[in-house]
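If you want the building blocks of each chain, they are given just below.
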Amino acid sequence: IITLATPHRPALVMDFSTAAVYASLAPLPNVTVLSLGGGPRDVLIPSALTRIQSRGQQAIELDTLSVRGTHLECDHQCILWCNELVQALVRALYA
C-alpha cells in the first residue's frame, strides 16, 4: 500500500467517532505500507502525522525529499502531480 501525504493518526480529536475510526485501524498482516510525507512545505498534513504508529505493521516512512530523484519537498497538493516523485514511484514499482 502506498500512501501520499495521508494522515495515519488524527491531528485533533474533536469527537469520539473520529477517535474510534483511527483506533479501529488494525495492522494488515503480510502487507508493507509505504507512507510518503510531503516534508516541511506541507502545511496541511505535517510529516509527523504520516508516520505509522501501529505496532506489528511493516512500514517504510519517507519524506519526499529523501526519495532519490526528487529535488524539493512537495506540499500537500503538489505531492500527487510532482513528476519527479511519480517517476521515482513508477521505477520502484516496476524495477
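It should be noted that the structure appears before, not after, this text.
Residues numbered from 1 in each chain as written. Predicted model: local features only at pLDDT ≥ 70, side-chain atom pairs only at ≥ 80, totals over all residues. Heavy atoms only, no water.

Draft legend 1. Up close: the overall build of the protein. Along the protein, the regular secondary structure elements total two helices and three strands. Along its sequence from the N terminus, the protein presents helices and strands in the succession β-α-β-β-α. Every one of the 95 residues in the protein was classed for burial, and the buried ones make up 27%. Only carbon and sulfur atoms are counted for the fraction: they give 61% of the accessible area of the protein, which is about 6,400 Å². Positive and negative side-chain charges of the protein, numbering 6 and 7 respectively, have mean locations separated by a distance of 8 Å. (Helix = DSSP H or I, 4+ residues; strand = E, 2+ residues; numbered from the N terminus. Buried < 20%, exposed > 50% of the residue type's maximum accessible area, 1.4 Å probe, protein only. Areas by Shrake-Rupley, 256 points an atom, 1.4 Å probe, with all protein chains shown as cover. Lys, Arg positive; Asp, Glu negative; His and termini not counted. Charge placed at Lys NZ, Arg CZ, Asp CG, Glu CD.)

Draft legend 2. Representation of the nonpolar core. Ala 5, Leu 34, Leu 36, Val 67, Cys 74, Cys 78, Ile 79, Cys 82, Leu 85, Ala 88 and Leu 89 together form the largest nonpolar core, which totals eleven residues. Elements supplying a minimum of two residues to this core: β2 (32-37) and α2 (83-93). At three residues, the largest contribution of residues to this core is made by α2. If near-sequence neighbours (up to four positions away) are discounted, Leu 36 is found in contact with Thr 3, Leu 4, Ala 5, Leu 62, Val 67, Ile 79, Leu 85 and Leu 89. (Core = buried A, V, L, I, M, F, W, Y, C linked by side-chain atoms within 4.5 Å. Contact = heavy atoms within 4.5 Å.)

Draft legend 3. Spotlight on the state of the cysteines. Under the criterion given, the structure shown has zero disulfides. Of the cysteine sulfurs around Cys 78, a residue in no disulfide, the closest is that of Cys 74, at 4.2 Å. Note on Cys 82: no disulfide assigned, nearest cysteine sulfur contributed by Cys 74 at a separation of 3.7 Å. (Disulfide = S-S within 2.5 Å.)

Draft legend 4. Representation of a nonpolar patch on the surface. Together, Ile 2, Val 86, Val 90, Leu 93 and Tyr 94 line one region of the surface with nonpolar side chains, adding up to about 500 Å² of accessible area. The element best represented in the nonpolar patch is α2, accounting for three residues. Looking at the secondary structure, you find Val 86 in helix α2. (Patch = residues over 30% accessible without salt bridge, like charges linked within 9 Å, V, L, I, M, F, W, Y side chains within 5 Å. Salt bridge = Lys/Arg side-chain N within 4 Å of Asp/Glu carboxyl O.)

Draft legend 5. Looking closely at the pattern of salt bridges. Using the criterion set out here, one finds one salt bridge in the structure. A salt bridge links Asp 63 to Arg 51; the nearest nitrogen and oxygen atoms lie 3.5 Å apart. Taken as a pair, Asp 63 in strand β3 (residues 58-63) and Arg 51 in the loop between β2 and β3 lie far apart in primary sequence, twelve residues in all. The exposure class assigned to Arg 51 is partly exposed, which follows from its relative accessible area of 24%.

Draft legend 6. Molecular detail of the side chain of Ser 47. Relative to the helices and strands, Ser 47 is located in the loop between β2 and β3. Beyond its immediate stretch of four places on either side in the chain, Ser 47 contacts Gly 37, Gly 38, Gly 39 and Asp 63.

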